[in-house]
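Per-entry structural report
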Amino acid sequence: QVQLVESGGGLVQAGGSLRLSCTASGRTFSNYGMGWFRQAPGKERELVATISWSGSSTNYVDSVKGRFTISRDNAKNMVYLQMNSLKPEDTGVYYCAASAYYYGTNMNAYAYWGRGTQVTVSS
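Figured I'd write up the structure that's included with this text. Here the structure is a predicted model, which is why all the values come from computation and not from measurement.

**Observations concerning the nonpolar core**
In terms of nonpolar packing, the biggest core is built from 26 residues, with Leu4, Met34, Trp36, Leu81, Met83 and Tyr94 touching the most fellow members. Contributions of two or more residues to this core are made by strand S3 (18-25), strand S4 (32-39), strand S5 (46-51), strand S7 (68-73), strand S8 (78-83), strand S9 (92-100) and strand S11 (117-122). Here this core gets four residues from one element, more than from any other, and that element is S3. If near-sequence neighbours (up to four positions away) are discounted, Met83 is found in contact with Gly16, Ser17, Leu18, Leu20, Arg67, Phe68, Tyr94 and Val119.

Printed below as a string of structure tokens:
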């Protein structure tokens with residue numbers, strides 16, 4: 001069992017940066033693939049980035065490649081999403097999620113979810 005809590009959301013102007021953090025608790029956190037997802041008003045939840053349990057492999061949605069970086073620190077039970085060059089279309093609720101070993105793009109494989117943190121990018 002894994003419990004996830006996101007932090008770091010807020011209001012930022014276009015072109016700015018923000019770093020989201022996800023704090024995980026559980027006996028086997030380091031074995032979990034981790035992902036960041038987001039949901040904008042009126043839109044489906046979307047995968048943003050994923051990272052393998054070791055941190056050696058990552059995936060990004062095309063729209064954030066080159067701007068966002070996912071990372072993790074298993075010693076601290078933390079996963080991060082560094083967001084640079086933010087755009088208004090990045091606005092949404094960002095969720096941290098975990099899945100045992102899996103780190104791919106299938107959202108259904110992520111069994112554990114945080115409550116989300118709001119990110120608002122002004123134009």
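**What about the state of the cysteines?**
Counted under the stated rule, the structure contains one disulfide. One disulfide in the model links Cys22 with Cys96; its S-S distance is 2.1 Å. Handedness of the Cys22-Cys96 disulfide follows from its S-S torsion of about -80°: it is left-handed. One end of the pair, Cys22, is in strand S3; the other, Cys96, is in strand S9, with 74 residues separating them in the sequence. Taken as a pair, Cys22 and Cys96 share a single burial class, namely buried.

**Concerning the pairing of S5**
With five of six residues buried, S5 is to be regarded as a mostly interior element. Counted between consecutive antiparallel strands, the loop separating S4 from S5 contains six residues, among which Gly42 sits at a positive phi close to 75°. Summarising the sheet, S5 and strand S6 (residues 58-60) pair through three bridges and their orientation is antiparallel. Across the sheet, Ala49 pairs through a bridge with Tyr60, a residue of S6. As consecutive antiparallel partners, S5 and S6 are separated by six residues, and within that stretch Gly55 has a phi angle of approximately 85°, a positive value.

**Looking at unusual backbone geometry**
Despite not being glycine, Asn77 shows a phi value in the positive range, around 55°. Within the secondary structure, Asn77 sits in the loop between S7 and S8. The partly exposed category is assigned to Asn77, whose relative accessible area is 26%. Even without being a glycine, Ser85 presents a positive backbone phi close to 50°. Looking at the element boundaries, Ser85 is found in the loop between S8 and S9.

Rules of the game
Residues numbered from 1 in each chain as written. Predicted model: local features only at pLDDT ≥ 70, side-chain atom pairs only at ≥ 80, totals over all residues. Heavy atoms only, no water. Core = buried A, V, L, I, M, F, W, Y, C linked by side-chain atoms within 4.5 Å. Buried < 20%, exposed > 50% of the residue type's maximum accessible area, 1.4 Å probe, protein only. Helix = DSSP H or I, 4+ residues; strand = E, 2+ residues; numbered from the N terminus. Contact = heavy atoms within 4.5 Å. Disulfide = S-S within 2.5 Å. Pairing = 2+ DSSP bridges.

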